[in-house]
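# A look at the structure
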Amino acid sequence: MKTARLGPLLACLSMILTVYPAMGQRPDAVLARVEAMDRVDRLGLPVHAHLSDAGGREYVLAVATAAELEQAGWPFTVLAHNPDIAALSLAIERLPGALARGRKQIAALYDDGRRLIVTPSPAQKAELMGMGLAIVQINTPLVWPAGPADSVPPARNAAIAKPIISNLIHQVYQDTLSNLTAQLSGAVPAMIGGEPYTILTRGTSSGTPIRKANQFAYEQMQAAGLEVSYQDWSLNDGTYSGQNIVGIKRGTTRSNEIVLITAHIDNMPDDGTRAPGADDNASGCVGVMAAANILQGCFTERTIQFVCFGGEEQGLLGSAAYAQTLQDAGETNVTVFNMDMIAYSSRASRDLSLHTRLATAPGYAADMAVATTFENVLANYGLDDRLTLGIVSDGVEASDHYSFWQKGYPGVLLIESDSDFNPYYHTNQDTLAHMNMEYFTDLVRASVGTVAHLAGVPATPPTAGPLITANELMGEVRLGSGDAVTIAVQMMNTGPYAGVEVDWWVVAYAHSGAWFYLNSAMQWTPFDGNLAFCQPVYQGPLGDLPATKVLDGFRLPSGAYDFWFAIDYPMDGILDLSGTILYDQATVVVD
């Protein structure tokens, strides 16, 4: 008779019944409020939520027997005997007065002054959400992080400015964000599958409209060059099902480490009527799409996953499924940057909030490393004079980042200020017209910069050949009216071509029709666009050239301007675009 294995077997069975309530639940289990007397991961019991009540007192919701609670030794209050753990949820106020309305509508297991602890039926859940309450399921115990994730950079090194990331940030354009938001919120028809379709709602249960919205996000990520897929998810009771849209950009040297940039694509009201959801949360999804388009063209050390979740409004359903998938796959180095409602601001201060877990929570330090990265991006890339950041360590539950906190992964929620909350939330007036586009654009710029730093975009620009920059930025640069521009050229690492006799050219074209070249006296000279009459700035042996300003602090009129720095062979004073040529281009757009 083998009795030695009976103890471990019973312990395993007990854990299964606790963690997976659908498989069974101990009849003597209770739901208790346990006062936080130490780090909550040291309680030694299944903890379903770590919360702070209206008085600022921290506590956990634990499921155990009364005897186990007594043995743990922390003060506790029994809230319910043998509760329906599968339905256990938090009801959190999102619209003023919603909590008071919810108290009248449902018999809560507990009311801590900030939220209700409930086990609602599907019909009750829908009613509570219609009142302006967010419903978040807490039907499985929290997973405690083993320690700070390696994928999060130390705060002291966070977001040191890099020209290449500055260039990425400046590729976020307001008109691009406005166009994508207009399509996703139904202000204009979206091109989906090559045909126009107007997305009138993105409600989780809307059928064709939400499928079309998902397809739109899929095709945008596909066009950005990502590995794209759908993840199907559904609840066991069949009440809700949907899809997550996932785009993957593989990392180079640390590809096993993952940075998630996420948002939810579904919206409210989920009643089949018009539901634009421009701010909540087309704004976040458009941020994901814009980041995908910008970041796909550069190398990153870590893998980036761009994800639009479904079913957020019904209790973080899509993100819960995705977080579970990551856990099941054994992923340990995961960092989450979640965007939800990032386009409404009515104040000149343009406030925003970045939420982390409670300061006493396991994993808080890793959350703060992400938050500090964002804060330093604002400071180091000139965005802090246009945005006012508040880092809020309150453990807020009402968005998709919370699904990852539940699995022990670090992350933050980026959202507009709670004290300047969108009054059109969950109504058919949540439209593009009510969005603050300058604010939205700056938040997406800061988000792109943050994810670029978290993912490890290399600091160095191209290391060989000609380089032309505008205000030390490569590629296309946007400036405001009155902003000064400095154009600089550089020739790097000529290698085996050093000493070859070549022509050097610096040419500019204003889209209004004017052409200019830089002559050997370093003077800009107009010409008619016929390259045969263009003169080189230098003729002679090819060699390295330190960064040299060729236009310094000049204020250009509104419009678009192209600048080229070109090298061609042989040295004959003829700019031959069909011959052997090395060149780099910078474009300046003055709004």
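Residues numbered from 1 in each chain as written. Predicted model: local features only at pLDDT ≥ 70, side-chain atom pairs only at ≥ 80, totals over all residues. Heavy atoms only, no water.

### So, the overall build of the protein
Along its length, the protein carries 12 helices and 28 strands. For the protein, the C-alpha radius of gyration of 28 Å lies close to 25 Å, the compact-globule estimate for 591 residues. By its C-alpha atoms, the protein is 95 × 55 × 40 Å across when sized along the principal axes. Within the protein, the proportion of its 591 residues that are buried is 53%. Of the contacts made within the protein by residues no fewer than 6 positions apart, 76% connect residues no fewer than 24 positions apart. Accessible area for the protein stands at about 24,100 Å²; split by element, carbon and sulfur atoms hold 53% of it. (Helix = DSSP H or I, 4+ residues; strand = E, 2+ residues; numbered from the N terminus. Rg over C-alpha atoms; globule rule 2.2 N^0.38 Å. Buried < 20%, exposed > 50% of the residue type's maximum accessible area, 1.4 Å probe, protein only. Contact = heavy atoms within 4.5 Å. Areas by Shrake-Rupley, 256 points an atom, 1.4 Å probe, with all protein chains shown as cover.)

### Some details on the state of the cysteines
Considering all chains together, one arrives at zero disulfides under this definition. For the unlinked cysteine Cys-298, the closest cysteine sulfur is that of Cys-308, found at 19 Å. Under the relative-accessibility criterion, Cys-298 is labelled buried at 11%. (Disulfide = S-S within 2.5 Å.)

### Examining empty space enclosed by the protein
Applying the stated criterion across every chain yields a total of four cavities of 30 Å³ or more. Computed from the structure, the largest cavity encloses a volume of approximately 160 Å³. Surrounding the largest cavity, 13 residues form its lining, His-50, Leu-142, Arg-357, Ala-361 and Trp-405 being those nearest its centre. In the lining of the largest cavity, the residues fall into nine nonpolar, three polar and one charged. Contributing to the lining of the second largest cavity are 15 residues, with Ala-134, Glu-312, Glu-313, Ala-398 and Tyr-425 lying nearest its centre. It is strand E8 (residues 133–137) that provides the largest number of residues to the lining of the second largest cavity, a total of three residues. Per-class residue counts for the lining of the second largest cavity are eight nonpolar, two polar and five charged. (1 Å grid on protein atoms, 1.4 Å probe; cavity = no way out; pocket = protein on both sides within 12 Å on 5 of 7 lines; lining within 4 Å. Points joined across faces, edges and corners; volume = space filled by probe spheres on them. Nonpolar A, V, L, I, M, F, W, Y, C, P; charged D, E, K, R; others polar.)

### Here's the deal with the sheet that holds strand E15 (residues 334–339)
Spatial strand order, E11-E12-E14-E13-E15-E18-E16-E17: eight strands in an open sheet with mixed pairing. This sheet does not close on itself; its edge strands, each paired only once, are strand E11 (227–234) and strand E17 (388–393). The sheet shows a mean angle of 20 degrees between the axes of neighbouring strands, taken without regard to direction. Pairing between strand E13 (residues 254–264) and strand E14 (residues 302–309): eight bridges, direction parallel. Residue pairing across strands places Ile-261 opposite Phe-306, the latter belonging to E14. (Pairing = 2+ DSSP bridges. Axes fitted to C-alpha atoms, helices over the stretch in contact; angles between N-to-C directions.)

### What to know about helix H7 (residues 208–223)
The end-to-end C-alpha separation of H7 is 22 Å, in line with the 22 Å expected for 16 residues at 1.5 Å each. Buried within H7 are the following residues: Pro-209, Ile-210, Ala-213, Asn-214, Phe-216, Ala-217, Tyr-218 and Met-221. Phi for Gly-225, located one or two positions after H7, is positive at around 90 degrees. (Expected span 1.5 Å × (residues − 1).)

### Concerning the sheet that holds strand E6 (residues 110–111)
Strand order in this open sheet of four strands is E6-E7-E5-E8, and the pairing throughout is antiparallel. A single partner strand is all that each edge strand has here, and the edge strands are E6 and E8. By the bridge criterion, five bridges tie strand E5 (residues 89–93) to E8 in an arrangement that is antiparallel. Counted as the bridge partner of Ser-89 is Gln-137 from E8.

### Some remarks on the environment of Gly-242
Looking at where Gly-242 falls in the secondary structure, it is placed in strand E12 (residues 241–249). When the C-alpha atoms of Gly-242 and Phe-309 are compared, they prove to be 8.9 Å apart, with 67 residues separating the residues in sequence. Sequence-distant contacts of Gly-242, that is, excluding residues within four places in its chain, are made with Gln-231, Asp-232 and Trp-233.

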